[in-house]
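# Structural features, examined
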Amino acid sequence: MKQEVIVAENLVKKYVTKKRKGLLRGEKQVVEALRGVSFKIYRGEIVGLLGPNGAGKTTTVKIISTLLIPDSGDAWVMGHHVVREAKRVREKIGIMLTVEKGFYNKLTGRENLEYFAALYGLSGEERRRRVEYLLKLVGLEELGSSDRLFEEYSLGMKARLGFARALLRDPPVLLLDEPTLGLDPPSSRRIRELVKKLAHEEGKTILYTTHNMFEAEIVCDRILLINKGRIVAEGTPDELKNMIPRLKTINIVVKGDQRVGELIKSLGIEKYEAKPIDGLLSIRINIQKPEEILDPLIKNFVGNGYEIVSLKIEEPTLEDVFIYFAGKTSR
Amino acid sequence: MSRLSLFLNVLWAESYALFTEIFRRKHILIMMSLYPYMLLVFILIIGYSVGSRQVFIQRLGVAPEIFFLASGYLLMVVLGSSDDLLWRPLYDDWLGITPYLIISPVPRLYRFLAVPLPRLVIALITGLTSLLPLMIWYYGFYGLIESLAVIVMTLVATIVFVPFIMAVIGVIYTYGKEQWRVLNILRPLLLILLGVYYPRFLMPLGAYIASALVPPSHVVEAVQRLLIGRLDLTYSLMLFGAAIGLFIAYIPAGVYSISLWERNKLKHGVKTE
Ligand SMILES: Nc1ncnc2c1ncn2[C@@H]1O[C@H](COP(=O)(O)OP(=O)(O)OP(=O)(O)O)[C@@H](O)[C@H]1O
Ligand SMILES: [Mg+2]
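None of these values were measured; they are calculated from a predicted model. (Residues numbered from 1 in each chain as written. Chains lettered and ligands numbered in written order. Predicted model: local features only at pLDDT ≥ 70, side-chain atom pairs only at ≥ 80, totals over all residues. Heavy atoms only, no water.)

## Some remarks on the overall build of chain A
Just so we agree on the cut-off: In this text, helices come from DSSP runs of H or I with a minimum length of four residues, and strands from runs of E with a minimum of two, each type numbered from the N-terminal end. Exposed residues in this analysis have more than 50% of their type's maximum accessible area, buried residues have under 20%, and partly exposed residues fall in between, with area computed by a 1.4 Å probe over protein chains only. Throughout, a residue-residue contact means that at least one pair of heavy atoms, one from each residue, lies within 4.5 Å.
Counting secondary structure elements, chain A contains 11 helices and 14 strands. Expressed as lengths along the three principal axes of its C-alpha atoms, the size of chain A is roughly 80 × 55 × 55 Å. The buried share among the 331 residues of chain A stands at 51%. Partitioning the intrachain contacts of chain A with sequence separation of at least 6 by distance along the chain shows that 70% fall at a separation of at least 24.

So this is what it looks like as structure tokens:
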């Protein structure tokens, strides 16, 4: 039986802000950040909350972290309600909310960790050993930066330190809001590898937000696609891709007869676009598995006296996925 | 985890953070230890230029430089610590630390008590190196006892202030929209109500009552009476009884006020960016 660790049911959150207009007039603005978000995350799973800016990722993470009270809806972490039993939830979670802030500038990385370790109830030898272990784990020790001031840290070092803090209490649940935003490849790789290890080897349950499709695909076991405050699709990376019909695009540019219709149709392709450009012909074919028709396609063109000028297979971008799902769920 | 170990942990954390930073930035340390002497020089210059020293001694029975240095010390320590407390939530917010504090298991009262305590160690050292030698020089053995009493009373004044400040923080940051600006009104107000430079018995009734509700004001009165030699045992017990009674009475109010403020934060979302 899969064990439910994080459960969200119909979360709704509106932000009301007053926009100053002149000296006295203020205009109320309501942003519907979440419009009914539900999901379940099981033990040992890495679930990616993937969405563009303003989709509601941070809002969702804050609610699950007990740092924001939803207008309606409920959420539980390991069976504890995030509003009514916030204290119990807080014992179970490690959080990382921003990469660039959240520590004392005038203390070193090690000192900062010691400070938070004490706040989280670790003392004496146990605290010292845990801090030491985490500095090694996230690679700050090998970078030689454990004892440098936080204000001198690069973004990558800050993120590593923030990740180490989330692990201080060795919590069973990790809530990470864009933990690799703006990091260089070594730092983001380190964090991604650790996330995978913690989930798959230690059974930690991890909610991981990102707006990076590539990252979501390589890190997450399952992805929740969020847009405009709604979960618009969910599944494993492969499942999600297969939900998008026009997955990849073959872009082939040829020289020769402009009437290519019959030739393409003979390959069983119904939908395509052909555009003449400077005496050449640019053809775009949207297809699930381009590798299956690539060989006959090329042979067909060459066999019929065409010259192939260029051939490109375009992977779908995050935008394609969003445009597809956003279109399907437009209000 | 026991409550005591929670408290000791947060006390350790605050002390560690404070002392590490102070020792790293030596100029803070130097400024802190020089402050009382600079204050003394300032007092002497003003004192000699304004009025007759003899008249002051005749009227109050204490040398003006002693009176003002002791008052200045008291004020510096009490207001310094309360300022630290008042700023702390804003500072934590600004650094983006608040969310990590909220999810920590530390009771808020413990943390607010732990913030000023390590500062009192520094206050103790400055007291022992400035007030103490000066008062021994002026009044000999009696000066030693009196200065130690002033130092201890100052530390007490600081601690009894904490729950009151917590209550104030909760209220002003929940209802005060433009957060830190509120402090510009609050700080001079507290300065007056403490009665350090404006003795309580001279206040109009309304101000007197308001002042009596601020716990350290009673300790301030005790210090002033001690300096001018008009403090008897019964009256000092009354003053300390009032200060400690108010300290205890404000604890639930302080804790409630902070929880109100936190709750309000959670409604709008704890700032992370
Ligand atoms: N405190 C706030 N007050 C007012 N509006 C807010 C507040 N926080 C978020 N919003 C708005 O709510 C919406 C959702 O914000 P949220 O931060 O959850 O998005 P996100 O998916 O994390 O985006 P990003 O990729 O930019 O981090 C946005 O339109 C945002 O402008
Ligand atoms: Mg965000």
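Once the structure has been displayed, the description carries forward.
## So, helix α4 (residues 64-95) of chain B
One turn of an α-helix holds 3.6 residues; hence residues three or four places apart share an orientation. All names here are of chain B. To keep it simple, the criterion reads: The span one expects for a helix is its residue count, reduced by one, times 1.5 Å. Two axes are fitted around each residue, one to the seven residues ending there and one to the seven starting there, and the angle between them is reported as the bend at that residue.
An ideal rise of 1.5 Å per residue puts 46 Å on 32 residues; α4 measures up with 43 Å between its terminal C-alpha atoms. The largest bend along α4 measures about 40° and falls at R88, with the proline P89 one to four residues further on. Most of α4 is tucked away: 25 of the 32 residues are buried. Following α4 by one or two positions, G96 adopts a phi angle in the positive range, close to 80°.

## A closer look at the site of ligand 1
Operational definition: Nearness is judged by heavy atoms alone; a residue qualifies as near a molecule or strand once a single heavy atom is within 4 Å of it. Working definition of accessibility: Shrake-Rupley area with a 1.4 Å probe, residue cover restricted to the visible protein chains. Under this grouping Gly is polar, as are all residues other than the nonpolar Ala, Val, Leu, Ile, Met, Phe, Trp, Tyr, Cys and Pro and the charged Asp, Glu, Lys and Arg.
What surrounds ligand 1 is a group of 14 residues, the closest being A:G54, A:G56, A:K57, A:T58 and A:T59. In this structure ligand 1 sits where residues from chains A and B come together. Expressed as a share of its isolated accessible area of 640 Å², the protein-covered part of ligand 1 is 67%. When contributions to the shell around ligand 1 are tallied by element, the ones reaching two or more residues are β1 (4-21), β2 (25-42) and α1 (57-64) of chain A. The class makeup of the residues in the shell around ligand 1 is five nonpolar, seven polar and two charged.

## A word on the interface of chain A and chain B
Under the convention used in this document: When two parts are brought into contact, each loses some accessible area as probed by a 1.4 Å sphere; the total of that loss over both is the buried area. Throughout this description, the term salt bridge denotes a Lys or Arg side-chain nitrogen within 4 Å of a carboxyl oxygen of Asp or Glu. By the criterion applied in these results, polar contacts are pairs of N or O atoms within 3.5 Å in which, for protein atoms, one can donate a hydrogen and the other can accept it, and in which residues neighboring in sequence qualify only through two side-chain atoms.
The partner chain B presents 37 residues to the 38 residues of chain A that form the contact. By the criterion of area lost to chain B, the three top residues of chain A are A:L67, A:Y104 and A:L119, representing 17% of everything that side buries. At the junction of chain A and chain B, the tally comes to one salt bridge. Note that B:R24 and A:E111 form a salt bridge whose closest N and O atoms lie 2.7 Å from each other. Summed over the shared surface of chain A and chain B, the number is 15 residue pairs in polar contact (both at pLDDT 80 or more). Looking at the side of chain A that touches chain B, the elements that each hand over two or more residues are β1, α1, β6 (93-96) and α3 (109-119) of chain A.

## Topic: the side chain of A:K158
For A:K158, the location among the structural elements is in helix α5 (residues 155-166). Excluding residues that lie within four positions of it along the chain, A:K158 makes contacts with A:V99, A:E100, A:F103, A:F150 and A:Y153.

## Overview of the packing of aromatic side chains
Under the convention used in this document: Planes of paired rings set the category: under 30 degrees apart is stacked, over 60 is edge-to-face and the rest tilted, where pairs are Phe, Tyr or Trp rings (Trp by its six-membered ring) whose centres lie within 6.5 Å. A ring is considered to have a charge above it if a Lys NZ or an Arg CZ atom is located within 6 Å of its centre and within 35 degrees of its normal.
Under the defined criterion, the tally for this structure stands at 18 aromatic pairs over all chains. Between A:F103 and A:F116, the aromatic rings sit 5.7 Å apart at their centres with planes inclined by 90°, giving edge-to-face as the arrangement. In this pair, A:F103 is assigned in the loop between β6 and α3 and A:F116 in helix α3, connecting sequence segments 13 residues apart. Grouping residues by exposure puts A:F103 and A:F116 together as buried. Taking the centre distance of 5.1 Å and the plane angle of 90° together, the rings of A:F301 and A:Y306 count as edge-to-face. Of the aromatic side chains, those joined through ring pairs into one cluster are A:F103, A:Y104, A:Y115, A:F116, A:Y120, A:F150, A:Y153, B:Y91, B:W94 and B:Y100. The ring of B:W12 carries the charged tip of A:R127 above its face, separated from the ring centre by 3.5 Å. Over the ring of A:F103 we find A:R165; its NZ or CZ atom is 3.8 Å from the centre of that ring.

## Quick word on the environment of A:I244
Residues and elements named next belong to chain A. Positionally, I244 belongs in the loop between α8 (237-243) and β11 (248-255). According to the relative accessible area criterion, I244 is buried, its value standing at 3%. Among all residues touching I244, those that are not within four sequence positions of it are Q288, V321, Y324 and F325.

## A few points about the pattern of salt bridges
All names here are of chain A. If you walk through the whole model with that rule in mind, you get 34 salt bridges over all chains. Taking the shortest distance from any N to any O, the salt bridge between E132 and R110 comes out at 2.9 Å. Placement of E132 in helix α4 (residues 124-137) and of R110 in helix α3 is noted, with a sequence separation of 22 residues between them. Taking the shortest distance from any N to any O, the salt bridge between K136 and E132 comes out at 3.9 Å. Of the two residues, K136 and E132 are both situated in helix α4; the distance of four residues between them amounts to about one turn of the helix. For K136, a relative accessible area of 49% puts it in the partly exposed group. A single salt-bridge network, built from bridges that share partners, covers R110, E132, K136, E141 and D147.

## Describing the environment of A:T209
All names here are of chain A. Structurally, the position occupied by T209 is in strand β8 (residues 205-210). Sequence separation of T209 and G48 is 161 residues, and the distance between their C-alpha atoms is 5.4 Å. Once you skip the residues sitting within four places of it in the chain, T209 turns out to touch L49, K57, V61, L176, D177, E178 and P179. A polar contact is formed between the side chain of T209 and the backbone nitrogen of E178, at a distance of 2.9 Å.

Taken by themselves, the reported measurements are silent on function.
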